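Okay, here's what each chain looks like letter by letter:
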Amino acid sequence: QVQLVESGGGLVQAGGSLRLSCSASGIIFRLKPMGWYRQAPGKQRELVARISSGGTTNYADSVKGRFTISRDNAKATVYLQMNSLKPEDTAVYYCNVLIPDGSAWGVPGSWGQGTQVTVSS
């Protein structure tokens, strides 16, 4: 059974930084593409960034140049470094394993509880 535990969220002023962590268990982590998603109040959940098992990355246009996704296979952990944060980055952030569905990256599996990020102006 896959378990994903997100941490690192909090309250930060605009322009500040946060690093989110997601610890995974129940999977062969090094073989799995991983993604970070977010859901703001009243909005649909959206992809933020994803990383392949080989380290290839992909970002939403809204976070390019500000956010960096990375992974540590030895720790079975994926990170999201968020710099130059904006109030519109306020959301609950979730990590997920990407499950193959025939598409280039796959689709997210079951969701965890996420971690709240709040950016004040």
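Residues numbered from 1 in each chain as written. Predicted model: local features only at pLDDT ≥ 70, side-chain atom pairs only at ≥ 80, totals over all residues. Heavy atoms only, no water.

This next bit is on the overall build of the protein chain. Helix and strand counts for the protein chain stand at zero helices and eleven strands. Scanning the protein chain from its N terminus toward the C terminus, one meets helices and strands in the order β-β-β-β-β-β-β-β-β-β-β. The C-alpha radius of gyration of the protein chain comes to 13 Å, within 12% of the 14 Å expected for a compact globule of 121 residues. Relative to its full complement of 121 residues, the protein chain shows a buried share of 43%. Once local pairs closer than 6 in sequence are excluded, the contacts in the protein chain between residues at least 24 apart make up 55%. Total accessible area on the protein chain is roughly 6400 Å²; 47% of this is exposed by carbon and sulfur atoms. (Helix = DSSP H or I, 4+ residues; strand = E, 2+ residues; numbered from the N terminus. Rg over C-alpha atoms; globule rule 2.2 N^0.38 Å. Buried < 20%, exposed > 50% of the residue type's maximum accessible area, 1.4 Å probe, protein only. Contact = heavy atoms within 4.5 Å. Areas by Shrake-Rupley, 256 points an atom, 1.4 Å probe, with all protein chains shown as cover.)

A few words now on the sheet that holds strand E3 (residues 18-25). Hydrogen bonding along the main chain pairs the strands of a sheet, whether they run parallel or antiparallel. Taken together, four strands build an open sheet; the order of strands is E1-E3-E8-E7 and the sheet is antiparallel. Strand pairing shows two members of the sheet lacking a second neighbour, strand E1 (3-7) and strand E7 (67-72), which therefore form its edges. Averaged over all pairs of adjacent strands, the angle between their axes in this sheet comes to 15°, without regard to strand direction. Direction of pairing for E1 relative to E3: antiparallel, over a ladder of five bridges. Within E3, the position partnered with Leu 4 by the bridge is Ala 24. (Pairing = 2+ DSSP bridges. Axes fitted to C-alpha atoms, helices over the stretch in contact; angles between N-to-C directions.)

Take the state of the cysteines next. Taken as a whole, this structure holds one disulfide when the rule is applied. With a sulfur-sulfur separation of 1.8 Å, Cys 22 is cross-linked through a disulfide to Cys 95. Taken together, the residues Cys 22 in strand E3 and Cys 95 in strand E9 (residues 91-99) connect sequence positions 73 residues apart. Across the pair, Cys 95 and Cys 22 agree in class, each one buried. (Disulfide = S-S within 2.5 Å.)

What follows concerns unusual backbone geometry. Even without a glycine there, the phi angle at Ala 76 is positive, about 50°. Mapped onto the elements of the fold, Ala 76 is located in the loop between E7 and strand E8 (77-82). In this structure, Ser 84 takes a positive phi of about 50° despite not being glycine. Along the chain, Ser 84 falls in the loop between E8 and E9. Note on Ser 84: relative accessible area 40%, which makes it partly exposed.

The volume enclosed by the largest pocket comes to roughly 150 Å³. As for the largest pocket, its lining consists of Val 2, Gln 3, Leu 4, Ile 27, Asn 96, Val 97, Ile 99, Gly 109, Ser 110, Trp 111 and Gly 112. Listing elements by their share of the lining of the largest pocket, those giving two or more residues are E1 and E9. Sort the elements by how many residues they give to the lining of the largest pocket and E9 lands first, with three residues. (1 Å grid on protein atoms, 1.4 Å probe; cavity = no way out; pocket = protein on both sides within 12 Å on 5 of 7 lines; lining within 4 Å. Points joined across faces, edges and corners; volume = space filled by probe spheres on them.)

For the rest of this paragraph, the subject is the side chain of Ser 21. Structurally, Ser 21 can be placed in strand E3. Exposure remark for Ser 21: the relative accessible area of 18% places this residue in the buried category. Ignoring sequence-local partners within four residues, the contact set of Ser 21 consists of Val 5, Glu 6, Ser 7, Trp 36, Thr 77, Val 78 and Tyr 79.

Interpretation note: all reported values are geometric properties and have no functional meaning in isolation.
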